[in-house]
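# An overview of the molecular structure
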Amino acid sequence: MHDDVHLTEGRVSRVLKERLWPAVHTTAAPVSVEWHELPGEPIAPAEGLALAYEKVEVGTDWGPAWGTTWFRITGTVPAEWAGKRVELVCDLGFDVNMPGFQCEGLVYTPAGDPIKSLNPRNQWVLVASEATGGEEVELFLEAAANPVLLDYHPFLPTQEGDIRTSSPKKLYTTRRIELAVFEKEVFELCLDLETLHELQVELPEGPRKFRILQAIDDALDRVDLQRIAETAASARSALTGVLEATSHDSAHQIAAIGHAHIDSAWLWPVRETIRKVARTTSSMTELLGEDPDFRYGMSSAQQYAWLKEHRPEVYAKVKAAVADGRFIPLGGMWVESDTTMPSGESLVRQFLYGQRFFESEFGIRCRGVWLPDSFGYSPALPQLMKRAGFEWFFTQKISWNQVNKFPHHTFEWEGIDGSRILSHFPPMDTYNSRLSGEEVAKASRQFRENRLATGSIAPVGWGDGGGGTTREMAGKARRLADLEGSAQVSWRHPDDFFAEAREELAEPPVWVGELYLELHRATLTSQHLTKQGNRRCEHLLVEAELWSATAALRGLADYPYDELDALWQQILLQQFHDILPGTSIAWVHREAAAQYARVAEAATALIDRALAALAGEGTVALRADGRSGAVTAAAPAAAVSVVEQGGTYVLGNDLVRVTVSAEGLITSALDLATGRDAIPAGAEANLLQLHQDFPNMWDAWDVDRFYRNRVTDLREVTSISVTPDGLVIERPISADSSTTQVLSLAPGSRVLDISQSTDWHETEKFLKVAFPLDVKAEQTLAETQFGYHRRPTHTNTSWEAAKFETSMHRWVLASEPGFGVALVNDSTYGFDVTRPSAMTTEVRLSLLRAPRFPDPETDQGLQTHRYGLVIGASVASATEAGSALNTPPRSVTGTRAVEPLVTVSGEGLVVSSVKLAADRSGDLVVRVYESTGARTQGELRVAESFGRVDEISLVEDPIAEVSADGGVVALSLGAFEVRTLRFHRN
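Read on for an overview of the structure.

About the criteria used
- Here the residue numbers are simple positions, counted from 1 along each chain's written sequence.
- For this predicted model, a pLDDT threshold of at least 70 governs which residues receive local features, and a threshold of 80 or more governs which side-chain atom pairs are given and counted, while totals over whole chains, interfaces and linings are taken from all residues.
- Here the side-chain values reflect all heavy atoms present in the structure, with hydrogen atoms and water set aside.
- Helix numbers and strand numbers start at the N terminus; a helix is a DSSP run of H or I with at least 4 residues, a strand a run of E with at least 2.
- Categorising residues by exposure relies on relative accessible area from a 1.4 Å probe, with only protein chains included: less than 20% of the type maximum marks a residue as buried, more than 50% marks it as exposed, and the intermediate range marks it as partly exposed.
- Any two residues having at least one pair of non-hydrogen atoms within 4.5 Å are treated as being in contact.
- The accessible surface values rely on the Shrake-Rupley method and a 1.4 Å probe; as for residues, cover is taken only from the protein chains in view.
- Only four residue types enter the tally: Lys and Arg on the positive side, Asp and Glu on the negative side, with His and both chain ends excluded.
- The atoms used to mark charge sites are NZ of Lys, CZ of Arg, CG of Asp and CD of Glu.
- Each C-beta atom gives one direction from the helix axis, and the arc is the one those directions make.
- The pairing criterion is simple: DSSP has to find at least two bridges between the two strands.
- Convention adopted: a line fitted to C-alpha atoms gives each axis, helices being fitted over their contacting stretch, and angles between N-to-C directions are expressed from 0 to 180 degrees.
- Stacked, tilted and edge-to-face pairs are distinguished by plane angle, under 30 degrees for stacked and over 60 for edge-to-face with tilted covering the rest, among Phe, Tyr and Trp rings (Trp via its six-membered ring) whose centres lie within 6.5 Å.
- We call a charge positioned over a ring when the NZ of a Lys or the CZ of an Arg lies within 6 Å of the ring centre and within 35 degrees of the ring normal.

## A look at the overall build of the protein chain
Looking only at helices and strands, the protein chain features 19 helices and 52 strands. Projected onto its principal axes, the C-alpha positions of the protein chain cover 95 × 65 × 60 Å. The buried share of the protein chain, taken over its 986 residues, is 63%. The long-range share in the protein chain, meaning contacts at least 24 apart out of those at least 6 apart in sequence, stands at 76%. Total accessible area on the protein chain stands at roughly 35800 Å², and carbon and sulfur atoms take up 49% of it. Measuring between centres, the 93 positive side-chain charges of the protein chain sit 1 Å from its 135 negative side-chain charges.

And the structure:
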């Protein structure tokens, strides 16, 4: 026979697109449309229903950016449609290629009950499943004119990302609003043909492929394109044989779960996410009612909480579906957070608040952590997940790696302490699957564990901006349940998938260390105010808990449970993986900065209140240490010593001596005890460097390796002066930007403190500060949650070369046997390391960027940083210096000193948190961890009287009783081990 494959493929593609899909809704009846345009923020549905409406014609422009238009739609079902399924078809001006990124709507009954959403891939609403004819129709549509910001030419700078700067121009034009008959046989024919067509594209030449092609031709021969509805059933019968052919025993098994991956903020503000969640969940509960096999999963307790607060009528449907076991809470976290930058305590609270919400609202606990889209994963996570009671971990983003293909899909992930957790990421390389033939075949073909395991997960639905699973996707799932030539698809709970994977893979492959994403490296730096706010508030909230617990247990004040919960939940929300990484629109980051300021003020007020109760009313000058929980007599202010010597400046004390050149650069940092200089001879540290920064894609997200090809050393000095605060250095960055640094060295300190204020008005630039070090460091140690991780300083392999920008928390250390140098910081997360020579190491902190998408004003204006050079550093001293920099002591007045509530002894042991139990019993919860990477022993002492002491999980479940003697608990911890203890009140 002649090869007619391309002829058949072209035929079915055109007929489906131009004739069959449009024929799903053909017979139509007009409706009357009225509207009310709102000039400002959205209103509650009850208010929207009560608006005054005026007549409007279909074809009218509507919706300036971020505006809301309410439509009232009325009509009558024609009598001749009796027995038919009738739907309202509504095209608000949709682009079908942009679900979640365009205008959207939610349809209500006159009583205010939500029915389902409208979006580019879901343009219908059920009116009657079997009409009687003559029904009166009245529906209300809340339509959101969200602007398209990630367009066909992506990453173009735009002012549409903030309601304060967006254009008043109307963005959309209604195209079609009418009643129509839903032709079920035509719809099913479309899915039959589309499923088979996509399947045969992936099949090799052979009997199955050619018989599908012949069946498609036979079916199309039976379709009268002028009488499609009448001939659809006959056409479908020609496909029965190829659709009934079953798959083989070794077919890949795809565990599908309905999904929408609604970003809690990104190219839309939080207020719009609240509505997106309501829209998507309305549609998903509707689809659950129509398809008895369908299951839908949604993560993020915050999103459920939004529904409960803002859309209780939608929440009631969700809650009923959860009880039925078909709407599945996933992930056990408050939001799908970034996991690289949040502190250890923040990740603990993500789990604590997430699991407590799901348990209190639904009576369930999530068994796995669901994080498909975060930008890399900390090596501390496996321990934290295990200690929070989770059994599995799911991600997808590692498939985006630029260089190296990750070698596993189902594997054990081992963290810094040796904990392992069963992990999976889907071989179809998407968290927005449509169950296309290409995706299904890719899953089967790419699955790395095919020798031993049989299946993978497919999150199915339009995501990012929401939308979820469509009836078309559900229809494909039915056809792919057992179809020859395809993987088998079934709707399943992820828990069941992981249970079976555990049975199949008795000894799964192991990946050790961080899951580094070879992309989106600039998320460690973009939107500095957001990152600075996060760091500051994390430390303030932990400090507020310490002082509040101390005051409460000593009977001096009530513990502020409600206030602390609300503040933590706000910070946890802003750790979402498009907020904290700095990749959202201007509106999001403007609101984030305001919220950080509010949280900081409120947390500080809680600290002041507790300290006032503890120290008493008086005028004695006191010093409150927010790390130890001790209040002591204030010491005189330490003098800063700076001496000018022949055009250079020397800062010194009994431990170190630092020399600064006339250009304001550090030329020597001498450890007086050892005689070692941290700075190589002839080198200069604290050198600000400016790079051109225009990545190939994803402006706020990415920095590409070639940025290093162009660099400007900022040596010009405006002025250098000696002041009581230290050495002040002013220098220009450009004609538009400048910076001021204050260098100081306190008595008895090994830390050269650098406070920097930058007036930043650059475009597409990257600001770094370089510290060449006279250290032969084969690895750097960078703090992560409850410990640190090691990274080689060489680039022997492509895996190491890809890590040209990496993450830290409060410190990074370069060391060789006998000597080390650390850099500590108060708001910086990104850094890079190079080896200028075999004997030296250069560490550069990443300070500021200036991308123009999605926020064209990123980081513009005044920015502050504080960082320090620790001369002669170890892991312990770097940890101490980083902690001190981020939680400085407070000056208070009162009448009495305060003994700390909790003390710990033992090398490397650090108290991370002191708080009262989340169940409000009044019990004390103390978390301690080993910080140096070595096994250690010590003691934890509590100054108050308690009864039983238990070890508990990170979500505060009991594990085992612990022996205690007079408030003293003996500790024995492994490397980086985190231990949480609960002291029960007598």
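That was the structure; now back to the text.
## A look at helix α14 (residues 494–504)
For α14, the full list of buried residues reads Pro494, Asp495, Phe497, Phe498 and Ala501. Axial view of α14: buried residues confined to an arc of 160 degrees, hence all on one face.

## Quick word on helix α13 (residues 471–479)
Across the 9 residues that make up α13, a large majority, 7, are buried. For α13, every residue scored as buried is listed here: Arg471, Met473, Ala474, Gly475, Lys476, Ala477 and Arg479.

## Comments concerning the sheet that holds strand β30 (residues 711–713)
Reading across from one edge, β30-β29-β35-β42-β41-β38 is the order of the 6 strands in this open sheet, with antiparallel pairing throughout. Only two strands of the sheet have a single neighbouring strand rather than two, namely β30 and β38 (806–807).

## A closer look at the side chain of Thr550
In this fold, Thr550 is placed in helix α15 (residues 528–553). The exposure class assigned to Thr550 is buried, which follows from its relative accessible area of 0%. Residues within four places of Thr550 in sequence aside, it is in contact with Leu614, Val898 and Leu901.

## Examining the sheet that holds strand β17 (residues 392–394)
Spatial strand order, β16-β17-β19-β18-β22: 5 strands in an open sheet with mixed pairing. The open sheet has two edge strands with one neighbour each: β16 (368–370) and β22 (510–512). Within this sheet the neighbouring strands show an average axis-to-axis angle of 30 degrees, counted without direction. Here 3 bridges tie β16 to β17, and the two strands are oriented parallel to one another. Bridge pairing in β17 links Val369 to Phe393. Against the sheet, α14 makes contact with β16, β17, β18 (410–414) and β19 (420–424), and its axis sits at roughly 115 degrees relative to β19, the strand it touches most.

## Regarding the packing of aromatic side chains
What the rule picks out here adds up to 46 aromatic pairs. Measuring from ring centre to ring centre gives 5.6 Å for Trp62 and Tyr172, while their planes differ by 35 degrees; the resulting arrangement is tilted. A residue pair is termed long-range when its members are at least 10 positions apart, and Trp62 in strand β4 (residues 61–64) and Tyr172 in strand β11 (residues 170–173) qualify at 110 residues. In this pair, the class of Trp62 matches that of Tyr172, namely buried. Between Trp70 and Tyr108, the ring centres sit 5.6 Å apart and the planes meet at 25 degrees, which makes this aromatic pair stacked. Taken as a pair, Trp70 in strand β5 (residues 68–76) and Tyr108 in strand β7 (residues 104–108) lie far apart in primary sequence, 38 residues in all. Each member of the pair Trp70 and Tyr108 is classed as buried. One aromatic cluster in this structure is built from Phe294, Tyr296, Tyr304, Tyr315, Phe327, Trp334, Phe357, Phe358, Phe362 and Trp491. The ring of Trp124 has Lys116 lying over it, and the distance from NZ or CZ to the ring centre is 4.3 Å. Above the plane of the ring of Phe187 lies Arg471, whose end atom (NZ or CZ) is 5.3 Å from the centre.

## Section: the pairing of β18
The buried fraction of β18 amounts to 5 of the 5 residues, a majority that puts the element mostly inside the structure. Across the two faces of β18 the burial is the same, with Thr410, Glu412 and Glu414 and Phe411 and Trp413 all buried. Pairing analysis gives 5 bridges linking β18 to β19, with the strands arranged antiparallel. Looking at β19, one finds that Glu412 is bridged to Leu422. Relative to β22, β18 is paired through 3 bridges, and the arrangement is parallel. Bridge assignment links Glu412 to a residue of β22, and that residue is Val510.

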